[in-house]
Amino acid sequence: MNKLSKILLALIVTACTSGNPENVSWQQLVQSPDGRLEASFGLTDDGIPVYALSFDGKAVVKPSRLGYKLMDGSDLQKGFKLEGTEEGTLDETWEPVWGEEAQIRNHYNEMLVRLGREDGVKMNVRFRLYDDGLGFRYEFPMENKLTYFKVADELTEFAMTGDHTAWWLPGDYDTQEYNYTESKLSEIRAKNATPRPYNASQTVASAMSVQTSLQMKTAEGLYVNIHEAEVLDYPTTNLELDDRTMTFTTLLTPDAQGVKGRLQAPCHSPWRTVQVCEKATDVLASRLILNLNEPCALDDVSWIHPVKYMGVWWEMITGKTHWSYTSDYPSVQLGVTDYAKSKPHGRHGANNENVRKVIDFAAENGFDAILVEGWNEGWEDWFGAQKDYVFDFVTPYPDFDLPALNEYAHSKGIRLVMHHESSSSTINYERHMEAAYNLMNQYGYDAVKSGYVGDIIPYGEHHYSQPIINHYHYAVVEAAKHHIMVNAHEAVRPTGLCRTWPNMIGNESAMGTEFRADINPGHTTILPFTRLQGGPMDYTPGIFEQDMSITAPGETGKMRHTIANQLGLYVTFYSPLQMAADLVENYARFMDAFQFIKDVAVDWDKSLYLAAEPGAYIVTARHPKLSTLNSGRLSGTSSVYDYVYKDGKAHDVWYVGGITDENARDVEVALDFLTPGVVYEGILYTDAPDADFETNPQAYNITNLDLSSESVLTIHMARSGGFALSLRAK
């Protein structure tokens, strides 16, 4: 872009600014590869760094300040001068170990702005502009007056152009386990003032804060998302809103001493991201967050594979059985308490007979693995006491014969998934991690579900503070040394690190199925726009019995979805670690619907987002990656492998899924992505005409159809309903 164009852009951006930096000298500009997005950088008369972002010449982010405040009272906000710039571009294609497609294009234009002050402080800002958004981060070079410094606040701003519609979670330093709120930005203050539902660990960040990923939609119909990428050795951020100017400022999670980052040059911050898309489906297709992370750090990834699993878990969540073994010990001391002398209370779920039952069902139906929770000593007093030495992760209860059950599972072609609930005692987990991973290697476990329920130990730390971010990363790196895949629950929301460490095969870090009746209809139509932008979620779908009193007599509450909705989630929610979460006996009542869960893949070489609107509906089509269809199975063939390889040869297969919010709706699904001239046998699972999440959630129809690329289906979705469609070439 020539000098005149830069001046004109500066005038446009400055003209639409109110309450934001003034007297900005715009000095540099970078465009996206397609030229539609433009990021500009400048300095005010006081030397304050400022950036802005426009799309097709119209402002998306108005002039916004950059900088830091430090704990020693100094700042990194003003007095800077431009010392130089560097420009670059990259256009590459990389192949994820697992993912929503076989190849991902990473195409950006880059500008590094080098800043300095008379006092010797150096602070650079690196901008990367993609066709679907902007990433930028702070970089502190080695040659710098700053070597070791402590952050009091990061001052990055995102000045919005209007009172956008937003889908947001309240700001919190410890949890994302909330329902989303849909509102105008101007309504955040009032809605944030309402009482929050209880969580085992929660700390309000501020009355005006929301969490990333924050999805917004402008009055002109543009989709704007603020998030972060590659959060390493740095705290997670919330966004503090000034609703007078509609400007967000980063609000970092403090550590136990109130420090919001302990940095040592050379170093850099996470990427701050602004995704900009014209269509909601483009948001779902964006790989901005993944692309801003480093390439895979592992030389050998042959041991990493997708997993479709069941578990001894839902019965405990619903209250049918317990994690604990006995009622004799209100206080447990590991290595001292003798469980052999205790009387079992009779409701321990992780017992030999029950685990074998689930292994049998999983094996008969072609699953890869089963998770068993509550297998290890210590569950009698694990929660609420903030015990340091809470679990050792290696000692089973008397009724869980680890060697025998492991051998039994392997004889059926099933792997067991280890469960490590840390009770948020991260120091204890690190104390026992090597022994726990060694035990997994000894018995052939290759995946672990870790948990961080409750307040963090060391005392005073938060789930999202810098030291605990480092703990989560340490666990993944150490697991990789043992060829173990990690599925962390209650940990930090992922920010694309699974590109670098693909053994991060799953995370929770949002309100998942375990919240049962508390989940609002439409919750799952928002998560792919927000939480899933940074990596897959172990949402644990597939609940066919919505009434908790039937699953667990004496319990109450009804989940708000239909069976067809749960089937649709297996396509609309991406995860290479996908669970069929309900009980064996509940699936046995609906085996015809369960067939789709058996048939559907969990790893893909192509994904198409056919229709979507955050908080309303999503329709997605996916094509399986043949090379990983059977990679999770210890021996024998999986059910999805058998579906694709009918009659011993590979058939072209697609899956389509749809979900909707509390509103019933009809959707048209054109199958023009199918191979022309080929007839596909389709099995369509839909809500019955009288289905409804409140009055008739288990009403569904299954229809067999011959379909082709010319077919267009009109499908009805009930309130909080959905559909699923499997397609196999004849």
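You'll find the structure just up there.
One structure accompanies this document, and this report is about it. Values in this document were obtained by computation on a predicted structure and should not be read as measured data. (Residues numbered from 1 in each chain as written. Predicted model: local features only at pLDDT ≥ 70, side-chain atom pairs only at ≥ 80, totals over all residues. Heavy atoms only, no water.)

So, on to the pattern of salt bridges. In the structure shown here, the tally under the stated rule is 43 salt bridges. Lys449 serves as the salt-bridge partner of Glu373, at 2.6 Å between the closest nitrogen and oxygen. Taken together, the residues span a long stretch of sequence, with Glu373 in the loop between strand S24 (369–372) and helix H7 (402–411) and Lys449 in strand S26 (residues 447–451) at a distance of 76 residues. The same class applies to Glu373 and to Lys449, which are both buried. (Salt bridge = Lys/Arg side-chain N within 4 Å of Asp/Glu carboxyl O. Helix = DSSP H or I, 4+ residues; strand = E, 2+ residues; numbered from the N terminus. Buried < 20%, exposed > 50% of the residue type's maximum accessible area, 1.4 Å probe, protein only.)

Another aspect to go through is the environment of Glu430. Among the structural elements, Glu430 can be located in helix H8 (residues 426–443). Here the alpha-carbon distance between Glu430 and Glu478, two residues 48 residues apart in the chain, equals 9.9 Å.

Here helix H6 (residues 352–364) crosses H7 at 15°, and the two axes come no closer than 10 Å. Considered as vectors, H6 and H7 are oriented roughly parallel to each other. You can see that H6 and H7 cross each other, and the crossing is right-handed. Across the interface between the two elements, Asn352, Val355, Arg356, Ile359 and Asp360 from H6 touch Ala404, Leu405, Tyr408 and Ala409 from H7. Each residue belonging to the contact of H6 with H7 can be placed in one class, and the counts come to six nonpolar, one polar and two charged. (Axes fitted to C-alpha atoms, helices over the stretch in contact; angles between N-to-C directions. Parallel < 35°, antiparallel > 145°, perpendicular 65-115°, else oblique. Left-handed = near helix turned anticlockwise from the far one by under 90°. Contact = heavy atoms within 4.5 Å. Nonpolar A, V, L, I, M, F, W, Y, C, P; charged D, E, K, R; others polar.)

Turning our attention to the pairing of strand S30 (residues 604–613). For S30 and strand S31 (residues 617–624), the ladder comprises eight bridges, and the chain directions are antiparallel. Opposite Trp604, over in S31, you have Pro624 as the bridge partner. Counted between consecutive antiparallel strands, the loop separating S30 from S31 contains three residues, among which Gly615 sits at a positive phi close to 80°. (Pairing = 2+ DSSP bridges.)

So, about the side chain of Thr156. Positionally, Thr156 belongs in the loop between strand S11 (148–154) and strand S12 (157–160). Of the residues examined, Thr156 reaches a relative accessible area of 0% and is grouped as buried. Within the local environment of Thr156, its side chain forms a polar contact with the side chain of Glu154, the two groups lying 2.6 Å apart. For Thr156, the contacting residues outside a window of four places in its chain are Arg65, Leu66, Gly67, Phe136, Tyr138, Phe248, Thr249, Thr250 and Arg272. (Polar contact = N/O pair within 3.5 Å; in protein donor to acceptor, adjacent residues only side chain to side chain.)

Looking now at the sheet that holds strand S5 (residues 68–70). Pairing within the open sheet is antiparallel, and its four strands lie in the order S6-S5-S11-S20. A single partner strand is all that each edge strand has here, and the edge strands are strand S6 (75–76) and strand S20 (262–264). The pairing of S5 with S6 spans two bridges and is antiparallel. Within the sheet, the bridge partner assigned to Tyr68 lies in S6 and is Leu76.

Looking now at the packing of aromatic side chains. Tallied over the entire structure, the rule returns 36 aromatic pairs. Seen from their ring centres, Phe391 and Phe393 are 6.2 Å apart, and the 50° between their planes marks the pair as tilted. Of the two residues, Phe391 and Phe393, neither departs from the other in class, the shared state being buried. Within the aromatic cluster, the residues linked to one another by ring pairs are Trp323, Trp379, Trp382, Phe383, Phe391, Phe393, Tyr429, Tyr452 and Tyr472. A cation over a ring is seen here: Arg431 above Tyr389, with NZ or CZ 6.0 Å from the ring centre. In this structure, Arg499 is placed above the aromatic ring of Trp94, and the distance from its NZ or CZ to the ring centre is 4.0 Å. (Phe/Tyr/Trp six-rings, centres within 6.5 Å; stacked < 30°, edge-to-face > 60°. Lys NZ or Arg CZ within 6 Å of the ring centre and 35° of its normal.)

The next thing to look at is unusual backbone geometry. Along the chain, Ala265 connects to Pro266 via a cis peptide bond; the corresponding omega equals 0°. Relative to the assigned elements, Pro266 resides in the loop between S20 and strand S21 (267–268). In this chain, Ile457 is followed by Pro458 through a cis amide linkage whose omega measures 20°. Note on placement: Pro458 falls in the loop between S26 and helix H9 (466–481). Notably, Phe393 is not glycine yet its phi reads approximately 65°, a positive angle. Phi is positive for Arg516, which is not a glycine, with a value near 50°.

With that settled, consider the sheet that holds strand S4 (residues 58–65). The eight strands lie next to each other as S1-S2-S3-S4-S12-S19-S18-S15, forming an open sheet whose pairing is antiparallel. The two strands at the open ends of the sheet, each matched to only one other strand, are strand S1 (24–31) and strand S15 (209–211). On average, each strand axis in the sheet is tilted by 30° relative to the strand beside it, whichever way the strands run. Where S12 lies against strand S19 (residues 247–252), three bridges are found, and the strand directions are antiparallel. Paired with Phe158 across the two strands is Phe248, which belongs to S19.

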